[in-house]
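Structural overview
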Amino acid sequence: MSAAMNYIRGEPGKRDRMLVTPEGLALPLVVGSKGARAGALLLDLTFITIGLIVFFIVLGFTGVQLLDLGSSDEINPVVEFFFVILILFLFLARYGYFLYFELGPKAATPGKRLLGLRVAARDGGRLTAEMVIARNLMRDVEVFIPLFFWLGGGQQAGIAGFTAFIWIMIFVLFPFFNKDALRAGDVVAGTWVVEAKAAKLKEAMSLAPDRSNDYQFGEAELAVYGEHELQVLERVLRQDQPDALRDVAAAITYKIGWQLGNGDEREFLEAFYAALRAHLESGMRFGKRKKDKHS
Amino acid sequence: MALSLFRSNEITPPADIEKASLRSDKFRLEREVDWQRLEQIVTALEKGRPGRISDDDLLELPVLYRKTASSLAVARETSLDAATLDYLEALVRRAWFQIYGPRTGLFGWLRSFFAGGWSQSVRDIWLDICIAFAVMVAGTVVGWLLVARDPDWYYSLMPAELAGGRVPGAPREVLLESLGHDGGGEGLTLFAASLFSHNTGVTIMYFALGFAFGVPTLLLLLYFMATIGAILWVFFDAGLGWEFVGWLSIHGTTELGAILLGSAAGLHIGRTMAFPGNRSILAAMQDSGVRAAQVMMGCTIMMIIAGLIEGYGRQLITDTTARFAIGGFMLAVWLAYFILVRRLRERDA
């Protein structure tokens, strides 16, 4: 694990993890932040609530019309049918919603998907249906029972209410007491929630016209910077903000003692980037890496 | 850029690999067609539309995945292009999620579940089932003895709204009436559905509370069975023991069985947490959690059946012998299923 952490570029953050795939490849993962997960849960609960309201409106609308049609004293079988649907719908909203979406190909509920999260197996293996089921059954004591407890005003019920409150808080606050923000369901199921963002493939950098004849850099001039500075420069070039380009060009020319004509910043930076990268990459091929300008 | 809009359908190979001045960029340009092909497949999989993937692409998916993974490994050692590394890491991660993601959908999983996964996991937690069963018996005995000694205990054990007219010393007719049904079949579906929803919720709670070393599960189970013991005493005291047991057993063998299994599953998790054995606690929890999840899915199914029997069967069948026959039959079915159904073949792990 610690050796694999070398593949994280820049400073490893608190939420960075390394996962080793069965092929033996170390993949960086970022554990979902507690804020994002709470937000995803709130979104999901909102979706469920909206779904329930829509369902009630539709049901109420059709139900009222049906009541008008059949006006008998007995329990109307149609009305009864609607109540059965209602009970099953409530049941599915509570237990089925999370289960259904997390078993899908994105392994994430709509709320998680919107916030760029997904469920994954902690050991790097396959996420199985049993894991998803286990983590969502535990959700009941972690989310729904506390929710009903508070909605029902259970905390005002004296010593028993207080005990129940402490008890419930153990589950609710569980993610705050471990470094991977696991909730009880994650512990039981062997899962965790990680960020799952897609990245676009950007243009290759060295397709720009080759200016190695106009700008020639010596060994000493290229030795002042390392990989970190190279990647900062890459970001600046990709973003292509004139002000930033000017500032960076000024900083580099000051450092290597050059004078630069006005308006040549981009050309200069592209040439410097290509030369520095070629320099550092040829070092890499011989096993020499220079992490930043201090090393 | 118009080209990037186009790219979602057709991958255009990079025009001038030779123009790139850096060796690492040449490496990248030579391979990026494969990467983008993998990206298309992964995107289709993520959107749940595997039908859009051509047969050729699907056959090559493992190759493309390994190629891209090895590209990433090489790029990490030879290239300093952060954007490419980010792209490759994200792509390999997405592909990894798809390739090692949940492979069976809900229905495929259900099939293997019924064909032995369920009974296997029930057999695996036999010790917890024995413990939970002992607690259930103890709870019943305690409830019985408490009320037999002092009938006032009945009112402390049984919530008033559940007791109805069924209290110690109630006239025999009132008790007998509570076991029958006032006739008619209306409202039974509703009754069955609400029973199922409520009972399953309770079982899931029993299970989930097992997380705290199983203690709350056992306490709840003890209390629940004590109420059954108490009400048993009331009916036996009135000379209606046989009728009451029949009334209870028609759905009780299924429902109490589900409660037994749910509690045992919760206990299994709690016990693993307290005694993880030689493995790390997280690894041990995961093993037992996955096993318990299967048992719990089974409990939900048992609760559906119990709800149907309780909602329809108990209300429509009032003959005690018939009630016993159905209850006994269900018990035999469950026992036979759990003991006899073996998994046909081990699923690939």
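Structural notes on the environment of B:His268
By secondary structure assignment, the location of B:His268 is in helix α12 (residues 241–274). For the pair B:His268 and B:Met205, spaced 63 residues apart in the sequence, the C-alpha separation amounts to 14 Å.

What to know about the domain arrangement of chain B
What the domain assignment reports for chain B is domain 1 (21–100) and domain 2 (107–348). Taken over C-alpha atoms, the centre of domain 1 of chain B sits 51 Å from the centre of domain 2 of chain B.

Topic: unusual backbone geometry
Residue and element names in this part refer to chain A. Its identity as a non-glycine residue notwithstanding, Ala-181 has a phi of 55 degrees, on the positive side. With respect to the helices and strands, the residue Ala-181 is situated in the loop between α5 (158–172) and α6 (184–189). We classify Ala-181 as buried; it has 20 C-beta atoms within 10 Å. Notably, Asp-240 is not glycine yet its phi reads approximately 60 degrees, a positive angle.

Things to note about the pairing of strand β1 (residues 16–20) of chain A
Residue and element names in this part refer to chain A. What you see with β1 is a clean split: Arg-17 and Leu-19 sit on the buried side and Asp-16, Met-18 and Val-20 on the side with no burial. Relative to strand β2 (residues 26–30), β1 runs antiparallel, the two sharing five bridges. Within β2, the residue paired with Met-18 across the bridge is Pro-28. Between the antiparallel neighbours β1 and β2 lie five residues, among them Gly-24 with a positive phi of about 85 degrees.

A look at the interface of chain B and chain A
Size of an interface, as often reported, equals the accessible area lost when the parts are brought together. At the interface, 69 residues of chain B touch 67 residues of chain A. The set of elements that each furnish at least two residues to the side of chain B that touches chain A consists of α2 (23–46), α3 (55–78), α4 (82–99), α5 (106–124), α10 (188–209) and α13 (281–316) of chain B. Considering each element in turn, the side of chain B that touches chain A owes the most residues, twelve residues, to α4(B). When its residues are assigned to classes, the side of chain B that touches chain A shows 36 nonpolar, 17 polar and 16 charged.

Digging into α4(B)
Here α4(B) spans 25 Å end to end across 18 residues, near enough to the 26 Å set by a 1.5 Å rise per residue. With 14 of its 18 residues buried, α4(B) lies for the most part within the structure.

Let's talk about the pairing of strand β3 (residues 117–121) of chain A
Looking along a regular strand, one sees the side chains alternate between the two faces of the sheet. All names here are of chain A. The element β3 is largely enclosed, with a buried count of five among its five residues. Here β3 shows two buried faces, one formed by Leu-117, Val-119 and Ala-121 and the other by Arg-118 and Ala-120. The pairing of β3 with strand β4 (residues 191–195) spans five bridges and is classified as antiparallel. Pairing of Ala-120 across the sheet is with Trp-192, part of β4.

Considerations on the nonpolar core
Ranked by internal contacts, the top residues of the largest apolar core, which has 122 residues, are A:Ala134 and B:Met296. It is α12(B) that provides the largest number of residues to this core, a total of 14 residues. In terms of nonpolar packing, the next biggest core, distinct from the first, is built from 20 residues, A:Ala204, A:Tyr225, A:Ala249 and B:Leu80 among them.

What counts as what
- Residues numbered from 1 in each chain as written.
- Chains lettered and ligands numbered in written order.
- Predicted model: local features only at pLDDT ≥ 70, side-chain atom pairs only at ≥ 80, totals over all residues.
- Helix = DSSP H or I, 4+ residues; strand = E, 2+ residues; numbered from the N terminus.
- Domains from an automatic or database assignment.
- Buried ≥ 20, exposed ≤ 12 C-beta atoms within 10 Å, placed from the backbone.
- Pairing = 2+ DSSP bridges.
- Contact = placed C-beta atoms within 7 Å.
- Nonpolar A, V, L, I, M, F, W, Y, C, P; charged D, E, K, R; others polar.
- Expected span 1.5 Å × (residues − 1).
- Core = buried A, V, L, I, M, F, W, Y, C linked by C-beta atoms within 7 Å.

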